[in-house]
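Analysis of the macromolecular model
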Amino acid sequence: MAFEYAPAPESRSIVDIKPSYGLFVDGAFVDGNGAAFKTINPATEETLAEIAEADEADVDAAVQAARRAFRSWSRMPGKERAKYLFRIARILQERARELAVLESIDNGKPIKESRDVDVPTVAAHFFYHAGWADKLDYAGLGPNPRALGVAGQVIPWNFPLLMLAWKVAPALACGNTVVLKPAETTPLTALLFAEICQQADLPAGVVNIITGAGGTGQALVGHPDVDKVAFTGSTDVGKAIARAVAGTDKKVTLELGGKAANIVFEDAALDQAVEGIVSGIFFNQGHVCCAGSRLLVQESVAEEVLHRLKRRMATLRVGDPLDKNTDIGAINSAEQLARITELSGIGDAEGAERWSPDCELPASGYWFPPTIFTGVSQAHRIAREEIFGPVLSVLTFRTPSEAIEKANNTPYGLSAGVWTEKGSRILHMADRLRAGVVWANTFNKFDPTSPFGGYQESGYGREGGRQGLAAYLKGGQA
Amino acid sequence: MPTTAPTDPAAGLASYSEVTKDERALRRFLHGLPGVDQVGAEARAAALGTRSIKTTAKEWALDLAIRMVDLTTLEGQDTPGKVRALAAKALRPDPSDPSCPSVAAVCVYGDMVAEVKSVVGDAVNVAAVATAFPSGRAALDIKLADTRDAVEAGADEIDMVIDRGAFLAGRYQQVFDEIVAVKEACQRPDGSHAHLKVIFETGELQTYDNVRRVSWLAMLAGADFIKTSTGKVQPAATLPVTLVMLEAVRDFREATGVQIGVKPAGGIRTAKDAIKYLVMVNEVAGDDWLTPDWFRFGASTLLNDLLMQRTKLTTGRYSGPDYFTLD
Amino acid sequence: MARLDVRKTYKLYIGGAFPRSESGHSYEVADAAGRFVANASLASRKDVRDAVVAARKAFGGWSGRTAYNRGQILYRIAEVMEDRRPQFEDAVRQSEGLGAAAARGQVDAAVDRLVWYAGWADKLAQVVGNANPVAGPFFNHTAPEPTGVVGALAPQESSLLGLVSTLAPVVVSGNVAVVVSSYGRPLPAVTFAEVLATSDVPGGVVNILTGDATVLGPWLAGHMDVNAIDLVGVAGHPDLAGELEVAAADNLKRVRRAPAAEPDWSIEPGLEPMTAFLEHKTVWHPVGV
């Protein structure tokens, strides 16, 4: 008899979404000069709130506020800065459920991920970096580490609050002040974070949150009084930023796209490998820059791995992000859905074979079923371009050297996965794969102590860990 | 491992006769099974444990869990009075509610089988532990006699223990042969046989690789059920151990067409835990296993918690231990 | 009659060989006083292309060597250089117009700098890498790796010490280099290439082009198979440096920016010249039985 799980929705009542939001500048919410825009719930297409758009003058005001705050913040004893960060970490924990629900509503990601992954990791990030604030002399990044100044930070919509934490926590720990622009489709948790800064009595201007789209981001990155630019997003925008800061003294870190190979050898622990494939590409609807979007499976076990993968995929539950049993939520925006649909269509047109389990998608909102393409070669566009959705391209290989060659045959280099029970082979593969993060017999794991970032066109600089601090210090020699 | 199930179980099993023909073949086969990564397996089990089972699904799951309980007493101090009381409870777990189902079986030592049978008749199965339970340290003929005694006394099911020493020493053939011999001892004169559950004592085998190997070994040797633990060794049943065993029975059926049951035993005390196991059965092995014929809980205190939660759902208020029998 | 000296032909150094420029062009090199010294090969964009191909081909082998071995080879370069000190002193004196003592000081410092970097080869990973205590059952560590093919515009003024100080930190970690020498003072670089050719440095690991950084820089900066670029050779030319940085963005090269003026090469460099061309790789693995 079938075990039908009854709906198990997380209560929305914990969040209080206001009809409209201003910009958070110099410790207070203010109106923006630009035209307000709407943020919607991608699972229902319901409008959640009106969001102020920051124009150049607003950006300038925020940068000036950050500059004013920098004087005292950077001179404040590290142990005092540390306490502010610890305080923020604790408030994040106290309001964890509220943040998780809000994140799922605004982003479309399943509550189990926002609750069990995003928000706890956010708090962990602040907790970790808090402890650095008064220990920077010991970080081994050169003598007399000093803050850079004002950091202009632009973050994406896939992990709105987590990306905020990756940016804000190290910046503040190192004595910088920040102006941060969340993505236009997911501003709400950043604005709630602004409220948390108020609750923590963080000095005005240390954190400024400005909302808007690409133009706002450009104004921020290009502002002459910004000393540091940190960006996470697409490689195209990353290149534009690299050009925009050319010839300036701005220090830059870029966390960009990826097309990671997840390599499964014939001697892998297959059940765990299948879990790794699933979490590699379907975690967060595949809206993950380090997603394992290219499965490279050894030909001798390809049939069996695919069989197991399909069987596993049939148990994935797609639907209401707030249902505690949902595994795959909504695609973040109509625009992103269109891109996934288009690239998948190209996969069909190029002759790859598409498969998805039977799953009923909700009538409204933006949805895409978990999908795999088999019969894919390196020449297919779906094997080269980042789809940023729940779409896996399956390729095969015969020997370790062929796996390495195919895995590295991309301008990207963010992450890679290896599955084998043979220790020496893991170390060999980890050595040869040109990627900033190699997950061996695991995938999509993140930790504030663990540096993250890419090779080649996946960007430069690291976030997290000791190396991540270098991005926010003068002369930081990671 | 083939990925499509043979239609004929006999032929399916026969296709594996090569791997059980001698010690070397058996070892090669068992050591060739895919490994189990501990961290990955535990993470998967934990993730399944976060499923939220509410309202109608919970009602359904609680009743199913009750029907899957092998209500167990395996103590030196067991007396006829004690096991009769337990047997009565197995028949009517909640005397105040006639809609409450009976459990699957009562599990006792072999010498108590007749006592239980006299209370439950054919309404509830009687399972007997055998083969020098719990350590399994006795000569084979003693183990076989132990088994035959229980079958003759009317046991519907035999819960045997494997020789963990032999398994850990790599004497797989010996473990295999012993299971085959016990299975033969389960035969009744009328040609039917008592269902054989094979207990691994996974807490002593330590690694999930061992659990996967011993699962295949037992299934190839003719086990009807594979069971985690005696309840006498910690840790007993855990979600990840059960996960590995569920993967084994799933893969075995795909390979041979033969379905094998799974019984976690020991350490499952709350309804919440039991539901996690059912979720795991559902998502790993599939709903074919969601019946007492193919999945059991070896437990004693679990039953009362299932009953309390069941009452909470029907009455809308939390109950207390005083409202349930202690047998 | 006095003996007529045999002059040297100054060529490029690509893939371990000394070709003339593919373009067939050369240019006059004068000493500090403006007197003709020699004709140097004038490297073209096609020489840049060939040098990048040679460097890429050498990358796997060089980066795959043990750090100990790379350290030994850098030390070997220092040994061979030491052996040819008089020649380098003459070259530096001629190029930079220094007195004998000052020229000797430059050569000594260049040799010592190589020795300093040689010692870093097998310590760098220990100093810039580390274990990460993640909150879970995982082994997690971060180690540096070379970025790949590095284009280096060598400084225009310091023809030897600056060159060595630019090149050594690139290759010590396993990168391979395409170096554009000082335009006006290229001859010590060519002599240095001859040292490299006899110091166990595999062909292609270092490629030295004599030519004009303002001409070759854009080709190097825009080359999609170059992973990083050091712009010190255009120090003091912010507009050009900015343009090169823009070109470098096409494949997100790691850029070591041009300083406002050429740095004081006598100062101990610190880690930054090495870390500028390192990637950090983080590896995760479960810990279980």
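Right, let's walk through the structure included here. Since the structure is predicted, the reported quantities are computational estimates derived from the model, not experimental observations. (Residues numbered from 1 in each chain as written. Chains lettered and ligands numbered in written order. Predicted model: local features only at pLDDT ≥ 70, side-chain atom pairs only at ≥ 80, totals over all residues. Heavy atoms only, no water.)

**Side note on the overall build of chain B**
Check the secondary structure of chain B and you find 14 helices and 8 strands. Taking 20 Å as the expected radius of gyration for a compact globule of 327 residues, we find that chain B reaches 19 Å, a close match to that expectation. Taken along the three principal axes of its C-alpha coordinates, chain B extends 60 × 40 × 35 Å. For chain B, the exposed surface amounts to about 12,500 Å²; the carbon and sulfur share of it is 51%. In chain B, the 36 positive side-chain charges and the 43 negative ones have mean positions that sit 4 Å from each other. (Helix = DSSP H or I, 4+ residues; strand = E, 2+ residues; numbered from the N terminus. Rg over C-alpha atoms; globule rule 2.2 N^0.38 Å. Areas by Shrake-Rupley, 256 points an atom, 1.4 Å probe, with all protein chains shown as cover. Lys, Arg positive; Asp, Glu negative; His and termini not counted. Charge placed at Lys NZ, Arg CZ, Asp CG, Glu CD.)

**Section: empty space enclosed by the protein**
All names here are of chain A. With the rule as written, the count across this model stands at 6 cavities of 30 Å³ or more. The computed volume of the largest cavity comes to approximately 110 Å³. In terms of lining residues, the largest cavity is bounded by 18 residues, among which Ala407, Thr410, Gly413, Ser415 and Arg434 are the most central. Looking at the lining of the largest cavity, the elements that each hand over two or more residues are helix H12 (400-408) and strand S17 (415-419). (1 Å grid on protein atoms, 1.4 Å probe; cavity = no way out; pocket = protein on both sides within 12 Å on 5 of 7 lines; lining within 4 Å. Points joined across faces, edges and corners; volume = space filled by probe spheres on them.)

**Quick look at the sheet that holds strand S2 (residues 105-109) of chain B**
Residue and element names in this part refer to chain B. Taken in spatial order, the 8 strands of this open sheet run S7-S6-S5-S4-S3-S2-S1-S8, and their pairing is parallel. Of all strands in the sheet, those with a lone pairing partner are strand S7 (261-263) and strand S8 (297-299), marking the two edges. Mean inter-strand twist for the sheet, computed between neighbouring axes without regard to direction, equals 25 degrees. Here strand S4 (residues 157-161) runs beside strand S5 (residues 195-199); their pairing, made up of 5 bridges, is parallel. When the bridges of S5 are listed, Val161 appears paired with Ile199. (Pairing = 2+ DSSP bridges. Axes fitted to C-alpha atoms, helices over the stretch in contact; angles between N-to-C directions.)

**Here's the deal with the interface of chain A and chain C**
Between chain A and chain C, the residue contacts involve 46 residues of the former and 39 residues of the latter. Note on chain A versus chain C: buried area summed over both sides is about 3,200 Å², and carbon and sulfur give 50% of it. The interface formed by chain A and chain C includes 3 salt bridges. For Glu279 of chain C, the salt bridge identified is with Arg462 of chain A, shortest N-O distance 3.6 Å. Across the chain A-chain C interface, the total number found is 29 residue pairs in polar contact (both at pLDDT 80 or more). Of all elements in the fold, only helix H8 (235-244), strand S11 (251-255), helix H13 (423-432), strand S18 (437-440), strand S19 (459-460) and helix H14 (465-469) of chain A reach the threshold of two or more residues within the side of chain A that touches chain C. Split into classes, the residues belonging to the side of chain A that touches chain C amount to 19 nonpolar, 14 polar and 13 charged. (Contact = heavy atoms within 4.5 Å. Buried area = accessible area lost by both parts, 1.4 Å probe. Salt bridge = Lys/Arg side-chain N within 4 Å of Asp/Glu carboxyl O. Polar contact = N/O pair within 3.5 Å; in protein donor to acceptor, adjacent residues only side chain to side chain. Nonpolar A, V, L, I, M, F, W, Y, C, P; charged D, E, K, R; others polar.)

**Looking at the pattern of salt bridges**
In the structure shown here, the tally under the stated rule is 74 salt bridges over all chains. A salt bridge links Arg250 of chain B to Asp271 of chain A, with the nearest nitrogen and oxygen atoms 2.8 Å apart. Residue Arg250 of chain B is found in helix H12 (residues 239-256), and its partner Asp271 of chain A is found in helix H9 (residues 270-282); the two belong to separate chains. Each member of the pair, Arg250 of chain B as well as Asp271 of chain A, carries the same accessibility label: buried. Put simply, Glu402 of chain A and Arg398 of chain A hold a salt bridge, and the shortest N to O gap is 2.9 Å. Looking at Glu402 of chain A, the relative accessible area reads 14%, which means it is buried. One salt-bridge network, in which partners are shared between bridges, spans Asp271, Glu304, Arg308 and Arg311 of chain A together with Arg212, Glu247, Arg250, Asp251 and Glu254 of chain B. (Buried < 20%, exposed > 50% of the residue type's maximum accessible area, 1.4 Å probe, protein only.)

**Let's talk about the packing of helix H3 (residues 96-107) of chain A against helix H5 (residues 160-173) of chain A**
Residue and element names in this part refer to chain A. Their axes nearest at 9 Å, the elements H3 and H5 cross at an angle of 115 degrees. Contacts from Leu99, Glu103 and Asn107 of H3 reach H5 at Pro160, Leu161 and Leu162. Of the residues that constitute the contact of H3 with H5, the class distribution is 4 nonpolar, 1 polar and 1 charged.

**Brief notes about the side chain of Asn176 of chain A**
All names here are of chain A. As for its placement among the helices and strands, Asn176 is situated in the loop between H5 and strand S8 (177-181). Looking at Asn176, the relative accessible area reads 0%, which means it is buried. For Asn176, the side chain forms a polar contact with the main-chain oxygen of Tyr472, separated by 3.1 Å. Residues contacting Asn176, with those up to four places away along its chain left out, are Phe70, Trp73, Ala147, Leu148, Gly149, Ala171 and Tyr472.

**So, the packing of helix H4 (residues 55-67) of chain B against helix H14 (residues 302-315) of chain B**
Residues and elements named next belong to chain B. In the contact formed by H4 and H14, the axes pass within 10 Å of each other and the chain directions differ by 150 degrees. The orientation of H4 relative to H14 falls into the category roughly antiparallel. As for how H4 packs across H14, the hand of that crossing is left-handed. Here H4 contributes Thr55, Lys58, Glu59, Leu62, Asp63, Ala65 and Ile66 to the contact with H14, which in turn contributes Leu303, Leu306, Leu307, Gln309, Arg310 and Leu313. When grouped by side-chain class, the residues that make up the contact of H4 with H14 number 7 nonpolar, 2 polar and 4 charged. (Parallel < 35°, antiparallel > 145°, perpendicular 65-115°, else oblique. Left-handed = near helix turned anticlockwise from the far one by under 90°.)

**Things to note about the pairing of strand S13 (residues 294-298) of chain A**
Residues and elements named next belong to chain A. For S13, a buried count of 5 out of 5 residues is recorded, marking the element as mostly surrounded by other parts of the structure. With burial as the criterion, each face of S13 is covered, one bearing Arg294, Leu296 and Gln298 and the other bearing Leu295 and Val297. Tracing the backbone out of strand S12 (residues 261-264), into H9 and back to the parallel element S13 gives a crossover that is right-handed. For S13 and strand S16 (residues 391-397), the ladder comprises 5 bridges, and the chain directions are parallel. Bridging across to S16, Leu295 finds its partner in Val394. (Right-handed = clockwise from strand over helix to strand, strands pointing away.)

By themselves, these figures tell us nothing about what the structure is for.
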